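Each chain, written out:
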There are 2 protein chains.
Amino acid sequence: MQEIAKLAGVSLGTVSHVLNNTATVREPRRTRVLQAIQALGYQPSQLARGLRRDHTNMIGMIIPDVTNPFFPAVVRGAEDVAFSSGYRLILCNTDNDHSKELIHLNELRTYLPAGLIVIPSNFSDLTTQAESYRQAGTGVVCIDRLPKNWSGDSVTADNKAGAYNATRHLIRLGHTRIATITGPLHLTNAKERLEGFRRAMKEAKLPLAPEYIQETRFDKQGGYSKTQVLLRLIPPPTAIFAGNDMIALGVLLAVRESGLRCPEDVSIIGFDDLDLGETTNPSLSSVSQSGYQLGTTAARLLLDRKEGDASPAKHIVLETVLKLRDSVAPPLSRETSGTRARRRNKE
Amino acid sequence: MQEIAKLAGVSLGTVSHVLNNTATVREPRRTRVLQAIQALGYQPSQLARGLRRDHTNMIGMIIPDVTNPFFPAVVRGAEDVAFSSGYRLILCNTDNDHSKELIHLNELRTYLPAGLIVIPSNFSDLTTQAESYRQAGTGVVCIDRLPKNWSGDSVTADNKAGAYNATRHLIRLGHTRIATITGPLHLTNAKERLEGFRRAMKEAKLPLAPEYIQETRFDKQGGYSKTQVLLRLIPPPTAIFAGNDMIALGVLLAVRESGLRCPEDVSIIGFDDLDLGETTNPSLSSVSQSGYQLGTTAARLLLDRKEGDASPAKHIVLETVLKLRDSVAPPLSRETSGTRARRRNKE
DNA sequence: TTGTAAGCGTTATCAC
DNA sequence: GTGATAACGCTTACAA
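Residues numbered from 1 in each chain as written. Chains lettered and ligands numbered in written order. Predicted model: local features only at pLDDT ≥ 70, side-chain atom pairs only at ≥ 80, totals over all residues. Heavy atoms only, no water.

Chain A carries the name LacI family transcriptional regulator in an unreviewed UniProt entry, which gives Terriglobus albidus as its organism.

(A) Region of the structure containing the overall build of chain A. Of the regular secondary structure elements, chain A holds 14 helices and 12 strands. Computed over its C-alpha atoms, the radius of gyration of chain A comes to 26 Å, more than 25% above the 20 Å expected for a compact globule of 347 residues. When its C-alpha atoms are laid out on the principal axes, chain A stretches across 95 × 35 × 30 Å. By the burial criterion, 55% of the 347 residues in chain A qualify as buried. In chain A, the proportion of contacts linking residues at least 24 apart, taken out of those at least 6 apart, comes to 72%. Accessible surface computed for chain A: about 15,000 Å², of which carbon and sulfur atoms make up 50%. The distance from the centre of the 43 positive side-chain charges to the centre of the 36 negative ones in chain A is 1 Å. (Helix = DSSP H or I, 4+ residues; strand = E, 2+ residues; numbered from the N terminus. Rg over C-alpha atoms; globule rule 2.2 N^0.38 Å. Buried < 20%, exposed > 50% of the residue type's maximum accessible area, 1.4 Å probe, protein only. Contact = heavy atoms within 4.5 Å. Areas by Shrake-Rupley, 256 points an atom, 1.4 Å probe, with all protein chains shown as cover. Lys, Arg positive; Asp, Glu negative; His and termini not counted. Charge placed at Lys NZ, Arg CZ, Asp CG, Glu CD.)

(B) Spotlight on the environment of A:F271. If you trace the backbone, A:F271 turns up in strand β9 (residues 267-272). Between the C-alpha atom of A:F271 and that of A:L322, which follows or precedes it by 51 residues, the distance is 8.8 Å.

(C) Focus on the protein's contact with DNA strand C. In the vicinity of DNA strand C, 25 residues are found, and the nearest of them are A:T14, A:R26, A:R29, A:R52 and B:R52. Taking all atoms of DNA strand C within 4 Å of the protein, the share assigned to sugar and phosphate is 70%. Between DNA strand C and B:Y42, the relevant distance is 2.9 Å, taken from a phosphate oxygen to a side-chain nitrogen or oxygen of the residue. Residue B:S45 places a main-chain N or O atom 3.0 Å away from a phosphate oxygen belonging to DNA strand C. (Near = heavy atom within 4 Å. Polar contact = N/O pair within 3.5 Å; in protein donor to acceptor, adjacent residues only side chain to side chain.)

(D) A look at the domain arrangement of chain A. You can read the domains of chain A as domain 1 (2-44), domain 2 (52-157 + 291-319) and domain 3 (159-290 + 323-346). If you average the C-alpha positions of domain 1 of chain A and of domain 3 of chain A, the two centres end up 64 Å apart. (Domains from an automatic or database assignment.)

(E) The packing of helix α2 (residues 12-20) of chain A against helix α3 (residues 27-40) of chain A, seen in detail. Residues and elements named next belong to chain A. It is the contact of α2 with α3, at a shortest axis distance of 10 Å, that shows an interaxial angle of 85°. When the axes of α2 and α3 are compared, the pair comes out roughly perpendicular. For the pair α2 and α3, the contacting residues are V15, V18 and L19 in the first and R30, V33, L34 and I37 in the second. (Axes fitted to C-alpha atoms, helices over the stretch in contact; angles between N-to-C directions. Parallel < 35°, antiparallel > 145°, perpendicular 65-115°, else oblique.)

(F) Quick peek at the UniProt feature "domain: HTH lacI-type" (unreviewed entry) in chain A. The positions that UniProt labels "domain: HTH lacI-type" (unreviewed entry) are, in the present scheme, residues 1-53 of chain A. Secondary structure across residues 1-53 of chain A comprises 72% helix and 0% strand; the distance between its end C-alpha atoms is 17 Å. (UniProt positions renumbered as here; feature names shortened; annotations may be inferred.)

(G) Inspection of the protein's contact with DNA strand D at higher detail. Around DNA strand D, 23 residues are found, and the nearest of them are A:Y42, A:R52, B:T14, B:R26 and B:R29. The sugar-phosphate backbone supplies 71% of the atoms of DNA strand D found within 4 Å of the protein. Between DNA strand D and B:T14, the relevant distance is 2.3 Å, taken from a phosphate oxygen to a side-chain nitrogen or oxygen of the residue. At a separation of 2.6 Å, a phosphate oxygen of DNA strand D approaches a polar backbone atom of B:R26. Listing elements by their share of the surface near DNA strand D, those giving two or more residues are α2 and α4 (46-53) of chain A together with α2 (12-20) and α4 (46-53) of chain B. When its residues are assigned to classes, the surface near DNA strand D shows eight nonpolar, nine polar and six charged. (Nonpolar A, V, L, I, M, F, W, Y, C, P; charged D, E, K, R; others polar.)

(H) Structural detail: the pairing of strand β2 (residues 88-93) of chain B. All names here are of chain B. In terms of burial, β2 is largely enclosed, as six of its six residues are buried. Examined bridge by bridge, strand β1 (residues 58-63) and β2 share six bridges and lie parallel to one another. Of the residues in β2, the one forming a bridge with I59 is L89. (Pairing = 2+ DSSP bridges.)

(I) Quick look at the confidence of the model for chain A. Chain-level statistics for chain A give a pLDDT mean of 93 and a share of 96% at 70 or above. A low-confidence stretch, residues 335-347 of chain A stays under pLDDT 50, and its non-local contacts, those more than four residues away or across chains, total 12 contacts. (pLDDT = per-residue confidence, 0-100.)

(J) Layout of the interface of chain A and chain B. On the chain B side, the residues contacting the 45 residues of chain A number 45 residues. Here chain A and chain B share an interface that buries about 3,900 Å² over both sides, 58% of which is from carbon and sulfur atoms. On inspection of chain A and its partner chain B, the count reaches eight salt bridges. Applying the counting rule to chain A against chain B returns 16 residue pairs in polar contact (both at pLDDT 80 or more). Contributions of two or more residues to the side of chain A that touches chain B are made by α4, α5 (71-84), β2 (88-93), α6 (98-109), α11 (245-257) and α12 (276-279) of chain A. If you tally residues by element for the side of chain A that touches chain B, the top one is α5(A), at seven residues. The residue makeup of the side of chain A that touches chain B, split by class, is 20 nonpolar, 14 polar and 11 charged. As paired strands, β2(A) and β2(B) are joined by three bridges and run antiparallel to one another. Among the inter-strand pairings, A:L91 is bridged to a residue of β2(B), identified as B:L89. (Buried area = accessible area lost by both parts, 1.4 Å probe. Salt bridge = Lys/Arg side-chain N within 4 Å of Asp/Glu carboxyl O.)

(K) Fine view of the packing of aromatic side chains. Applying the stated criterion across every chain, the model contains four aromatic pairs over all chains. Looking at A:R134, its charged tip hangs above the ring of A:W150, at a distance of 6.0 Å from the centre. (Phe/Tyr/Trp six-rings, centres within 6.5 Å; stacked < 30°, edge-to-face > 60°. Lys NZ or Arg CZ within 6 Å of the ring centre and 35° of its normal.)

(L) Spatial organisation of the side chain of B:R88. For B:R88, the location among the structural elements is in strand β2. Within the structure, B:R88 has its side chain in polar contact with the side chain of A:E107 (distance 2.6 Å). Look past the residues within four positions of B:R88 in its chain and what remains in contact with it is A:I90, A:H104, A:E107, A:Y111, B:N57, B:M58, B:I59 and B:F83.

(M) Looking closely at the pattern of salt bridges. Counting across every chain of the model gives 34 salt bridges over all chains. When the shortest N-O distance is used, the salt bridge between A:R325 and A:D273 registers 3.1 Å. With a gap of 52 residues between them, A:R325 in the loop between β12 (321-323) and α14 (334-346) and A:D273 in the loop between β9 and α12 connect regions that are remote in the sequence. As far as the burial class goes, A:R325 and A:D273 line up, both buried. One salt bridge connects B:E203 with B:R199, and the closest N-O pair in it is separated by 3.5 Å. Of this pair, B:E203 and B:R199 both sit in helix α9 (residues 188-203), separated by four residues, roughly a single helical turn. Classification of B:E203 as partly exposed rests on a relative accessible area of 45%. The structure contains a network of salt bridges with shared partners spanning A:D65, A:D95, A:K100, B:R76 and B:D80.

(N) Layout of the relation of the copies chain A and chain B. Superposing chain A onto chain B takes a rotation of 180° combined with a translation of 0.0 Å along the rotation axis, leaving an RMSD of 0.1 Å. Those values place the two copies in the arrangement expected of a two-fold rotation axis. When you check the interface residues of chain A against chain B, 100% turn up at the interface there too, and the contact is symmetric in its surfaces. (Least-squares fit on C-alpha atoms with pLDDT ≥ 70 in both.)

(O) Up close: the sheet that holds strand β6 (residues 178-182) of chain A. Residues and elements named next belong to chain A. The mixed open sheet is built from six strands, whose spatial order is β7-β6-β8-β9-β10-β12. A strand with exactly one partner marks an edge of an open sheet, and here the two such strands are β7 (213-215) and β12. For this sheet, the mean angle separating the axes of adjacent strands, direction not counted, is 20°. Where strand β10 (residues 285-288) meets β12, three bridges bridge the pair, whose relative direction is antiparallel.

Spelled out as structure tokens, the structure:
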């Protein structure tokens, strides 16, 4: 910057002024400065600038794990709107470990980020942390799932409605013995999906045995083992609503392995609509939510706050769409399924 | 920091000294400072520190697209070793657009990052950029694929050997009409895989018609359309080596759609060994490379440089493993495949 | 309109 | 061993 000032024959302050349009610099000098900037390929130090301005152009993003197929899309969504507004993403994985989350939260603050987007880890309670950010004027928005007592901005999918619609679809096809394998119920998204499921079952006045609700982690292995449990029940379910697509994948594997067919013997619906659901056989029906949109919405919300939107906490809920593929079908006739139940009984 | 000094009754400099172990502070004061730090929950400003030290604890990571299933693993690998050494990742997507890459490269420098990990975009030539980083003492390592004229540190998979082994396996099974669908051949990884393929074919003295080599983008759609081309050839291939798993997925779809069976009519081997290859039907054989390891190795290399390793540019090449699943089988007998060829001919 | 200078939170170089 | 103090590169009153 010194060099530019020298090269353009102006003062340091003037350079800054043309850089930030913070004062009208008269024409001869102005172009000289601009040229000097070009000539030297100057880029302002984000560090110095951040230190002085008391905030940087970074947006902290805390997620459980990029490697989990649903999250990259939301990272990408956030990055896209952040980038186009001149912000950069600094990415932190927590592994669902809320002490690691805390470390990131604390350190991230020292970068004076423009904002924070958080997909909370298990059991996280970040009210105090968020408060300290808010006092520094830094927006924090939680997405996908909410920590306990969260009162700040949030963006989530309409989990309840999504689950409700999926379950209703199964019911309309004639299924009466419908089970669900949920994610960890301390996560709000898993809980809400279960609620939607329950409501649909209740409205249809269908019986819902406690064993028909299995809780596990949001992964393939969980879906696999819990499906084994479900299929051993008498009578076994003819349809399974999975808490997410990874679980649904496990369900599919377990069903196939037990000699049953999907969708003839067991219908499956997942949640998230991951790409890999299209290529399974049969392809997976799923409640589709846009991770990308989750990310863009969160980033947009953050930037709006930055630009002065001081309205009370927003809770944006994104629509879901039931994506029907080949993993659902009407149940076999009562007689047939009775036979199947008996057969399994003898094993 | 001021507050700490006051609370501990010492000078600012002393606080800095205990913080950085840059001078031995005697015991009574030392603990007082530490306690004050605890009491105030102090965290040093990474911004100020970076400005002063002339480098931050950030590592810039530039990749084409997190949303591409192979990259999250490498991001995660890099993040893990970076994090455990106190570094943070700042993530940039280029969309394979090398002008966007340039923007990131230029801006990232103003954060004074501790290092840079780059998966180059199409056609990128970052020798000049890298040079400017190197002059600032900042390490740059390229991974997965290399830009033209790259002479700096790199970490890649052994693409040639991987492709060679996959092709050899097909040959050993008895296939003689083996085609390949490559990624964009200006990318080094795509080119190397083709070379490995070629070498295996040549060694086995198998004929290789030019039409049996199809180039496309590294995605499902590319694999799909090029497979349609291949299957219309007379005679059609009985095995296809795909440049990566996304292409292989497209191959599988096209094969299935054309009424042929995999692996009976067409064997398929992909590259990368993505998770989604396990759940397709049939499950996908693939040349397995560890994206995670790619990431950790790159980060480690960077940190080694940081700690004074000034040896000449390293080119680390990671082993691949051929993962056999259900998408490969010996070809049908000559007669049968002749029949098939004739049948397709009539269409 | 333009220049001067203070200060952002650190680290590092010195005297003491 | 400890404490002033300059400097890192920038922004922003304020003075000219």
